[in-house]
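What the coordinates show
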Amino acid sequence: MNADLDNRARDAAAAAKASVAHLVHTEPRPVSRRARPVALLLGGLALTIVAVLNLQTGDHNVTKVATGPAQRDTMVSPGPPGPSSLGPGVGPDGGPIGIPLSSGFAGDRFRWALYAEGPSRNLCLAVQSTAVLEPDRAATTCSPPPSDGSAKDVNRPLVLTDGRVPSFVFGRIPADVAELTVVLSDGTALARQAPVQTPIGQFYAVELPDRSIPRAVIGHRKDGTSVRYEY
Amino acid sequence: MVPMSDERRVEAIPAVRSFETMYRQEFSAVLALAYVLSGSRSAAEELAQEAFLAAHRRWDAVSQYDDPAAWVRRVCANRSTSLIRRRVSEAKALARLAGRRVVPDELPPDAAAFWTHVRKLPKRQGQVVALHYLDDLPVAEIAAILQCAEGTVKVHLHRARATLAAELRCDLTGGEEDE
């Protein structure tokens, strides 16, 4: 604490520079705004083909998609580096990494993709920025593998939260649910929306408002009854 | 002296930098500035990239400025305040969510303490200190970046150093001669 202020300040400056040095990207990755929609269109077409091919193999099993409260600490993992590795259902080598279920956009610069991954078909959500210079603003969350073979938590909502991307609540919902509502911790409910129907079940991915915390997802059946899944 | 060829003469004329060139040359410094002003590496990435994005979107105009990098630094410094406020609220919310991604602070304790005190300074004082020590910028350049008078920068720097010295119990001997 006896160090001269300037020396201490310059040491602190050097430490700060060193601490962020690994975050520096030596090359910007400008993307043509005109090319982006075309690329996304082509990507979507490719994903559809991948999905169809995957489904034709019959290699899917929805009962293996599960989560549980005790495992949620391990839910969030940083996505693999680079934008190509986070493509919806497409790995770094361009090969399929799972069954694409749904995809969309969040705000004006993020895209998301919901897919079932790996042999156990864990449910995953990937969110990635499409903005110029933001190749590393991406995050992926997958449901952990089932620990006890129980499917009781198969519909428990999952949350993707990472400071680099918008937050999402996502998950699987029973086939008899026609619409769903996300309820936040402050009691407000987001607008109803229909789940995404796929050959392996119904799913949803809902972008959360800034700084909001989900409390539950309510599934509304056609017969007027509802089912509630707590986060 | 060897006469300069036409080709070399052309190269010697300072040309308007391309955006890519500025990005490569300045991103590291802007990122460090964002880091010390925000106190978070993820926020720093966001701030720095937003600043460069802003420059990219207006590059036709920004590239004509005397120092486009100064404009980027100003955008970054000005946005840091609002982002800090936003991040505090966000952190409180995210802390309640299981499975949040934790990014450890890798700054040594002395450095972390120093920048923590800098962030507690009034906004302009903190910006001046960050620019002064991170990039070793003279008062004139800091004034240009923050679009204020050199005298104002000197006052901010003087007051900030006095506060920091008191907070950190540091010796102020021989500090401001490089203004």
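Residues numbered from 1 in each chain as written. Chains lettered and ligands numbered in written order. Predicted model: local features only at pLDDT ≥ 70, side-chain atom pairs only at ≥ 80, totals over all residues. Heavy atoms only, no water.

1. Some remarks on the overall build of chain B
Each helix and strand in chain B was counted, giving nine helices and zero strands. Listed N to C, the secondary structure of chain B is α-α-α-α-α-α-α-α-α in terms of helices and strands. Across the 179 residues of chain B, 47% fall into the buried class. Counting contacts in chain B only where the partners sit at least 6 residues apart, residues at least 24 apart contribute 63% of the total. About 9,100 Å² of surface is accessible on chain B, with carbon and sulfur atoms providing 51% of the total. (Helix = DSSP H or I, 4+ residues; strand = E, 2+ residues; numbered from the N terminus. Buried < 20%, exposed > 50% of the residue type's maximum accessible area, 1.4 Å probe, protein only. Contact = heavy atoms within 4.5 Å. Areas by Shrake-Rupley, 256 points an atom, 1.4 Å probe, with all protein chains shown as cover.)

2. Topic: the packing of helix α1 (residues 5-20) of chain A against helix α6 (residues 109-120) of chain B
Relative to each other, α1 of chain A and α6 of chain B sit at 105°, their axes nearing to 9 Å. One way to sum up the angle between α1 of chain A and α6 of chain B is to call them roughly perpendicular. Residue-level inspection shows Leu5, Arg8, Ala9, Ala12, Ala13, Ala15 and Ala16 of chain A of α1 of chain A in contact with α6 of chain B, the latter providing Asp110, Ala111, Ala113, Phe114 and Trp115 of chain B. (Axes fitted to C-alpha atoms, helices over the stretch in contact; angles between N-to-C directions. Parallel < 35°, antiparallel > 145°, perpendicular 65-115°, else oblique.)

3. Quick word on the sheet that holds strand β6 (residues 158-162) of chain A
Residue and element names in this part refer to chain A. As summarised here, the arrangement of the four strands in space is β6-β7-β10-β9, forming an open sheet in which the pairing is antiparallel. Two strands bound the open sheet, and with one partner strand each, they are β6 and β9 (196-198). Direction aside, neighbouring strands of the sheet carry axes that sit 20° apart on average. With four bridges connecting them, β6 and strand β7 (residues 165-173) associate as antiparallel partners. Each residue of the ladder has a partner; that of Val159, found in β7, is Val169. (Pairing = 2+ DSSP bridges.)

4. Observations regarding the packing of aromatic side chains
All names here are of chain B. With the rule as written, the count across this model stands at nine aromatic pairs over all chains. Judged by centre distance (6.2 Å) and plane angle (85°), the rings of Phe114 and Tyr133 are edge-to-face. In this pair, Phe114 sits in helix α6 while Tyr133 sits in helix α7 (residues 123-134), placing the two residues 19 residues apart along the sequence. The burial state of Phe114 is the same as that of Tyr133; both residues are buried. Three or more aromatic residues joined by ring pairs form one cluster here, namely Phe19, Tyr23, Phe27, Phe52 and Trp59. (Phe/Tyr/Trp six-rings, centres within 6.5 Å; stacked < 30°, edge-to-face > 60°.)

5. Quick word on the confidence of the model for chain B
All names here are of chain B. Across chain B, the average pLDDT comes to 75, with 70% of residues at 70 or higher. Within chain B, the element-level pLDDT minimum falls on helix α1 (residues 6-12), averaging 40, and the maximum on helix α9 (residues 150-168), averaging 92. Contacts for the low-pLDDT stretch residues 1-15, under 50 throughout, to residues beyond four places or in other chains number one contact. For the stretch residues 92-104, pLDDT sits under 50, and the model shows 26 contacts to residues farther than four places along the chain or on other chains. Our summary of model confidence lists the complex with pTM equal to 0.43 and ipTM equal to 0.71. (pLDDT = per-residue confidence, 0-100.)

6. Things to note about the nonpolar core
Ranked by size, the top nonpolar core spans 60 residues in total, and within it Phe114, Trp115 and Val129 of chain B carry the most contacts. No other element matches the 12 residues that helix α2 (residues 19-38) of chain B contributes to this core. When neighbours within four sequence positions are excluded, Trp115 of chain B is seen to be in contact with Ala9, Ala12, Ala13 and Ala16 of chain A together with Val36, Leu107, Ala130 and Leu134 of chain B. The next biggest cluster of nonpolar side chains, apart from the first, holds 19 residues, and it includes Ile99, Ala106, Leu123 and Leu160 of chain A. (Core = buried A, V, L, I, M, F, W, Y, C linked by side-chain atoms within 4.5 Å.)

7. Focus: the sheet that holds strand β8 (residues 177-184) of chain A
What holds strands together in a sheet is hydrogen bonding between their backbones, with the strands either parallel or antiparallel. All names here are of chain A. Within the open sheet, the three strands sit side by side as β8-β11-β12. Their pairing is antiparallel. Bordering the open sheet on either side are β8 and β12 (226-230), each of which pairs with just one other strand. Averaged over all neighbouring strand pairs, the angle between strand axes comes to 20°, with direction disregarded. Here β8 pairs with strand β11 (residues 214-221) via seven bridges, running antiparallel. When the bridges of β11 are listed, Val183 appears paired with Ala216.

8. A short note on the pairing of strand β3 (residues 110-117) of chain A
Residues and elements named next belong to chain A. Here β3 lies mainly inside the structure; six of its eight residues are buried. Two elements, β3 and strand β4 (residues 122-129), share eight bridges in a ladder whose sense is antiparallel. Looking across to β4, one finds that Ala116 is bridged to Leu123.

9. Considering α2 of chain B
For an α-helix the count is 3.6 residues per turn, leaving residues at separations of three or four pointing the same way. Residues and elements named next belong to chain B. The end-to-end C-alpha distance of α2 is 25 Å, clearly below the 28 Å that 20 residues give at a rise of 1.5 Å each. Extensive coverage of α2 is indicated by the burial of 15 of its 20 residues. Looking one or two places after α2, you find Gly39, whose phi comes out positive at around 80°. (Expected span 1.5 Å × (residues − 1).)

10. Quick notes on the state of the cysteines
Residue and element names in this part refer to chain A. This structure, assessed with the given rule, holds one disulfide over all chains. In this model, Cys124 is linked to Cys142 through a disulfide, with the two sulfur atoms separated by 2.0 Å. The sign of the S-S torsion, about 110°, decides the handedness of the disulfide formed by Cys124 and Cys142: right-handed. Here Cys124, found in strand β4, pairs with Cys142, found in strand β5 (residues 138-142); they are 18 residues apart in sequence, far enough to count as distant. The pair Cys124 / Cys142 is uniform in exposure class, with both members buried. (Disulfide = S-S within 2.5 Å.)

11. Section: α9 of chain B
Residue and element names in this part refer to chain B. A rise of 1.5 Å per residue sets the reference length of α9, with its 19 residues, at 27 Å; its end C-alpha atoms lie 26 Å apart and thus fit the reference within 8%. When we look at burial in α9, the residues that qualify are Val153, His156, Leu157, Ala160, Arg161, Leu164, Ala165 and Leu168. One side of α9 carries all its buried residues, which in axial view fall inside an arc of 155°. Among the exposed residues of α9, those pointing more than 90 degrees away from its buried face are Arg159 and Ala166. (Arc of directions from axis to C-beta.)

12. Considering the confidence of the model for chain A
Residue and element names in this part refer to chain A. For chain A, mean pLDDT is 67; residues scoring 70 or higher make up 58% of the total. Taken element by element, chain A is modelled with least confidence in strand β1 (residues 76-77), mean pLDDT 30, and with most confidence in β8, mean pLDDT 94. Here residues 25-96 scores under 50 on pLDDT; set against residues more than four positions off or in separate chains, the count is 132 contacts.

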